[in-house]
Amino acid sequence: MAKLAALKAEQLYRKCDLSEIPFETSDQVTEYESVVGQGRALGAIHFGTRIRGEGYNVFALGPAGTGKHSVVRHILESEAKNKPTPADWCYVYNFETPHKPNALQLPPGRGSSFRKDMEQLTEDLNSVIPAAFATEDYQAQIEKLEQELATRRDKSLNDLADEAREKGVQLVHTPSGFAFAPLDKKEEVIRPEEYEKLSESEKKRLESIVAKLQKKFQRLIRQFPNWQKENREKIKETDRNIARLAVENLIGAIKDNNSDLSEVTAFLSSVEEDIVEHVRDFRGEQETNVLFGGGGQSRAVALQRYKVNLIVDHSRKNSAPVVYQDLPTHSNLMGRAEYQSQMGTLVTDFTLLKPGDLHHANGGYLILDARHLLTQPFAWESLKRALRSSEVRIEPLERSLGLISTISLEPEPIPFDAKVVLLGDRMLYYLLNQYDPEFKDLFKVAADFDDTLDRSPDNCESFARLIAGMAHKQSLRSIDNTGVARLIEHGARIAGDADKLSTHLREVSDVLEEANYWAGEHDSSIITRQHVQEAIDGKISRLDRVRAHIYEAIARGTIAIDTEGARVGQINGLSVIDMGDFAFGQPSRITATTRLGDGKVIDIERETELGGRIHSKGVLILSNFLASRYAIKHPLSLSASLVFEQSYAMVDGDSASLAELCTLLSVLSDIPINQSFAVTGSINQLGKVQAIGGVNQKIEGFFDVCKAKGFTNNQGVLIPSSNVKHLMLREDIVEAAINGKFSVYSVETVDQAIEVLTGVEAGARTEDGEFPEGSLNDKVEKYLISLADLRRRFSGKDKEADDQDEGEENET
């Protein structure tokens with residue numbers, strides 16, 4: 001097998017061609033990009049916002065920081081410009097059922113004018129009605145009615161008095177009331193002593209007359225309250241007429257302004273009738289507080305009924321609304337009824353109804369963060385209820401849950417027609433799709449945002465315009481083409497692929513912001529490549545405390561890692577430690593031991609429950625590879641063990657399976673492995689090396705350890721060939737590779753890897769089925785054959801001993 005060459009510098013880092021950047025500085029850019037790539041997601045959002053079917057709401061899924069919110073908002077605002085402005089909505093008093101306020105729909109912008117008209121009406125009522133009742137004409141009408149009542153009462157009494165006089169009796173008005181007294185011939189009231197001189201027959205005659213008159217008088221007196229009631233009704237009717245004349249012009253003007261709105265005119269008619277019926281409340285005659293059960297009510301309470309609670313006002317808009325709510329609680333979404341304290345009691349009315357975001361977004365678009373929505377109690381259920389019923393109902397949460405039964409406001413629900421867009425990660429989408437049966441019916445459109453996009457010249461140009469747009473939007477210094485190139489390269493590093501760019505725009509934006517800071521520190525008016533690199537290095541420096549301690553422990557020998565010399569059954573494996581915002585590679589010593597056994601490879605990590613399932617799978621694969629390659633004609637008769645030395649945490653993944661196989665082959669062949677190398681890669685049962693993750697961090701981790709312990713000019717890392725396209729290594733590693741201090745090798749098979757590690761030819765089977773004499777594979781196979789022979793020999797001796805024992809037992 002030909003000697004494997006190290007990778008070239010251009011394979012370790014793909015620089016950005018400055019010709020792909022269409023400007024020298026971002027000041028020259030006039031057209032910015034708001035989004036790069038994401039064709040699939042953009043198409044889904046456009047589809048979801050334009051289709052009118054039921055349940056076609058959108059769930060935008062993808063990792064945080066990919067710009068989902070800005071992209072969705074940009075598209076929705078663009079779509080909203082082509083949609084008409086939705087209607088205004090207001091709540092008004094329900095004169096038939098006061099605890100159920102009515103909802104009125106008005107054309108956009110008309111709600112504000114209607115509210116102002118009603119406010120002016122309430123102000124006018126305070127002056128117009130008292131003035132109408134203060135006129136001389138009204139006072140004359142009232143005096144006339146009162147005079148008519150008095151005349152009628154006096155006439156009836158005079159008629160009765162005349163009738164009594166004709167019968168010799170006088171109707172006398174005394175301090176205690178009215179009484180009848182007999183008259184003498186001179187028509188004067190008989191004194192008591194003279195009355196006693198009358199004959200008994202005369203007395204009886206007079207008493208009979210008085211009794212009859214008394215009955216007539218009683219009947220007459222009983223009619224007085226009815227006459228007074230009739231008079232009061234006449235006065236009330238007069239008041240109604242006066243009130244109607246006073247307000248019909250005021251309300252008529254408002255009706256004329258809203259003659260095309262039947263519900264509004266019907267409400268105004270109810271207002272007019274209510275004013276007429278309760279006109280005394282506006283005359284200042286009764287100021288009784290209703291809380292104490294008075295018969296009337298204050299003028300302020302009466303006027304409160306005629307106010308308009310405008311909950312949705314589109315007077316300043318000319319398109320459909322786009323609403324984003326960062327705290328989607330039940331009340332923020334659905335609205336609420338507020339309370340105020342009066343005399344130690346909490347009270348509410350229709351004027352204290354407050355709208356929610358569903359009201360504001362009605363007729364347009366509502367954007368919500370799915371995670372925030374699901375963490376708020378009952379907010380998700382309330383949203384689903386509104387989407388199912390296509391209406392928004394302001395209702396206290398405790399009433400929805402049946403926790404209270406007291407009488408409170410029950411506002412009329414408002415029809416709901418808006419597109420809801422949820423923003424969330426993929427796991428959240430899949431969980432909802434799996435466990436919420438209503439989710440599929442309510443959110444039928446998935447807009448899946450890609451994590452990466454191709455690093456093509458067109459995409460690089462668009463990415464450069466996007467970066468220029470970030471600098472402009474954030475009011476940063478201008479960035480030149482070298483700085484943009486470094487950000488594009490950093491985008492490829494974030495993506496973990498030299499041929500891709502990350503769509504994680506938040507991290508790119510953060511680096512740009514920090515680069516602007518470093519440009520200021522250097523008194524530079526332009527952000528350059530140097531400043532971008534300082535920003536990247538600065539972030540790593542702030543986060544690498546754990547890495548520094550680990551590398552220090554390796555350099556001081558606390559953690560045993562050899563970077564020179566050769567050892568049998570020992571190799572440097574590579575793993576990645578992810579700290580959230582920062583990940584780094586850590587070399588780990590892997591050792592193997594073998595002995596005579598039954599073909600089992602023991603994974604010590606798994607036996608101690610420190611190994612994950614994927615790692616155990618890798619160990620099983622390499623054990624099957626050993627059996628299929630070296631134990632074709634004889635049983636695999638070894639027992640082997642593998643372990644990550646000084647590992648005290650969970651180990652998972654199969655990226656160490658190549659290193660583990662190589663160290664086993666070293667033990668079986670008794671050929672030492674060069675400790676100047678570290679290895680990463682997974683294998684399959686055929687000995688092919690497969691791609692792994694975190695290749696850049698792993699290489700950089702071993703490089704830093706070699707640098708700390710001292711370069712020997714022959715150190716390096718072996719990686720799978722399929723990972724070469726993912727390489728975006730640090731500049732110091734590329735320089736070390738150019739200077740021959742450090743090398744990176746790509747391997748496709750375990751044979752290539754073991755040859756680099758040992759310097760011994762692996763050897764392939766010849767036509768006669770044998771490995772070349774002296775090759776590593778030949779030594780491995782011969783060693784395994786010797787173990788198989790030993791196993792057969794021991795098995796034969798055990799059988800003879802068993803037969804002998806059985807014969808002795810039979811003789812006995």
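In case you missed it, the structure is sitting above this.
Residues numbered from 1 in each chain as written. Predicted model: local features only at pLDDT ≥ 70, side-chain atom pairs only at ≥ 80, totals over all residues. Heavy atoms only, no water.

Peer 1: Looking at this structure, how should I read the packing of aromatic side chains?
Peer 2: To describe a pair of aromatic rings, you give the distance between the ring centres and the angle between the ring planes. Per the counting criterion, the structure on display carries 22 aromatic pairs. Ring centres 6.1 Å apart and planes at 55° place the aromatic pair Tyr93 and Phe350 in the tilted group. Within this pair, whereas Tyr93 is found in the loop between β2 (88-92) and β3 (102-106), its partner Phe350 is found in the loop between β10 (345-347) and β11 (353-354), the two being separated by 257 residues in sequence. By the burial criterion, Tyr93 is buried, and Phe350 matches it. A centroid spacing of 6.4 Å and a plane angle of 75° characterise the contact between Phe114 and Phe267, whose relative ring orientation is edge-to-face. Residue Phe114 is found in helix α4 (residues 110-132), and its partner Phe267 is found in helix α8 (residues 262-277); the two are separated by 153 residues along the sequence. Of the two residues, Phe114 and Phe267, both sit in the buried class. Among the aromatic residues, those joined into a cluster by ring pairs are Phe59, Trp380, Tyr429, Tyr430, Phe439 and Phe443. (Phe/Tyr/Trp six-rings, centres within 6.5 Å; stacked < 30°, edge-to-face > 60°. Helix = DSSP H or I, 4+ residues; strand = E, 2+ residues; numbered from the N terminus. Buried < 20%, exposed > 50% of the residue type's maximum accessible area, 1.4 Å probe, protein only.)

Peer 1: How should the environment of His522 be read in this particular structure?
Peer 2: Inspection of the secondary structure assignment puts His522 in the loop between α19 (505-521) and β20 (526-527). Each C-alpha atom, one on His522 and one on His99, is 68 Å from the other, the two residues being 423 residues apart in sequence. Apart from residues lying up to four places away in sequence, His522 is in contact with Gln530, His531 and Glu534. (Contact = heavy atoms within 4.5 Å.)

Peer 1: What exactly am I supposed to notice about empty space enclosed by the protein here?
Peer 2: Unfilled space is identified by rolling a water-sized probe across the atoms. Within this structure, the stated rule accounts for one cavity of 30 Å³ or more. Considering only enclosed or pocket space, the largest cavity measures out at about 50 Å³ in volume. Val35, Val36, Gln38, Thr66, Leu453, Phe463, Leu466, Thr503 and Leu505 are the residues that line the largest cavity. A class-by-class count of the residues in the lining of the largest cavity yields six nonpolar, three polar and no charged. (1 Å grid on protein atoms, 1.4 Å probe; cavity = no way out; pocket = protein on both sides within 12 Å on 5 of 7 lines; lining within 4 Å. Points joined across faces, edges and corners; volume = space filled by probe spheres on them. Nonpolar A, V, L, I, M, F, W, Y, C, P; charged D, E, K, R; others polar.)

Peer 1: Please explain a nonpolar patch on the surface as it appears in this structure.
Peer 2: Together, Met427, Leu431 and Tyr435 make up a nonpolar patch on the protein surface, roughly 370 Å² of accessible area in all. Here Met427 lies in helix α15 (residues 426-435). Using a relative accessible area of 55% as the deciding quantity, one classes Met427 as exposed. (Patch = residues over 30% accessible without salt bridge, like charges linked within 9 Å, V, L, I, M, F, W, Y side chains within 5 Å. Areas by Shrake-Rupley, 256 points an atom, 1.4 Å probe, with all protein chains shown as cover. Salt bridge = Lys/Arg side-chain N within 4 Å of Asp/Glu carboxyl O.)

Peer 1: Just checking my understanding: could you explain the sheet that holds β2 for this structure?
Peer 2: Across a sheet, paired strands are connected by hydrogen bonds in the backbone, their directions being either parallel or antiparallel. Ordered in space as β3-β2-β6, the three strands form an open sheet in which the pairing is antiparallel. If you trace the sheet from one side to the other, it starts and ends with β3 and β6 (309-312), each paired once. Adjacent strand axes in the sheet meet at a mean angle of 30° when their direction is disregarded. The sheet strands contacting α8 are β2 and β3, and the helix crosses β3 at an angle near 130°. (Pairing = 2+ DSSP bridges. Axes fitted to C-alpha atoms, helices over the stretch in contact; angles between N-to-C directions.)

Peer 1: Just checking my understanding: could you explain helix α20 (residues 529-543) for this structure?
Peer 2: At 3.6 residues per turn, the α-helix brings residues three or four places apart onto the same side. For α20, with 15 residues, the first-to-last C-alpha span of 22 Å sits near the 21 Å given by 1.5 Å per residue. Along α20, the residues that are buried comprise His531, Val532, Ala535, Ile536 and Gly538. Burial along α20 is one-sided: seen end-on, the buried residues are contained in an arc of 160°. On its buried side, α20 packs onto β18 (478-479), α18 (481-495), α19 and β20. (Expected span 1.5 Å × (residues − 1). Arc of directions from axis to C-beta.)

Peer 1: I'm lost on the nonpolar core in this one. Help?
Peer 2: Across soluble globular proteins, you tend to see nonpolar side chains buried next to one another. In terms of nonpolar packing, the biggest core is built from 55 residues, with Ile467, Ile488, Leu512, Ile699, Ile719 and Phe742 touching the most fellow members. When residues of this core are traced back to their parent elements, those giving at least two are α17 (457-473), α18, α19, α20, α25 (695-709), β30 (715-720), α26 (731-738) and β31 (742-747). With residues near it in sequence (within four places) discarded, Ile719 still touches Leu7, Thr680, Val695, Ile699, Val724, Leu727, Val744, Tyr745, Ser746 and Val747. In terms of nonpolar packing, the next biggest core, distinct from the first, is built from 46 residues, Ala592, Tyr630, Ala640 and Ala762 among them. (Core = buried A, V, L, I, M, F, W, Y, C linked by side-chain atoms within 4.5 Å.)

Peer 1: Would you take a moment to explain α19 for this structure?
Peer 2: In this model, α19 (17 residues) spans 24 Å end to end at C-alpha, consistent with the 24 Å of a helix rising 1.5 Å per residue. Looking only at α19, the buried set comprises Leu505, Val508, Ser509, Val511, Leu512, Ala515, Asn516 and Ala519. Angular distribution of buried residues about the axis of α19 spans 160°; they occupy a single face of the element. If you follow the buried residues of α19, they end up packed against α17, β18, α18, β20 and α20. Of the residues flanking the end of α19, it is Asp523, one or two places downstream, whose phi is positive at about 55°.

Peer 1: I would appreciate a short explanation of a positive patch on the surface in the present structure.
Peer 2: Taken together, Lys212, Lys215, Arg219 and Arg222 make up a surface patch of like positive charges. Mapped onto the elements, Lys212 comes out in helix α7 (residues 200-257). (Lys, Arg positive; Asp, Glu negative; His and termini not counted. Charge placed at Lys NZ, Arg CZ, Asp CG, Glu CD.)

Peer 1: Quick question: what am I supposed to make of the side chain of Thr594 here?
Peer 2: Position of Thr594 among the secondary structure elements: in strand β23 (residues 583-596). Setting aside its immediate chain neighbours within four residues, Thr594 contacts Leu638, Ser639, Ala640, Leu664, Val667, Leu668 and Tyr783.

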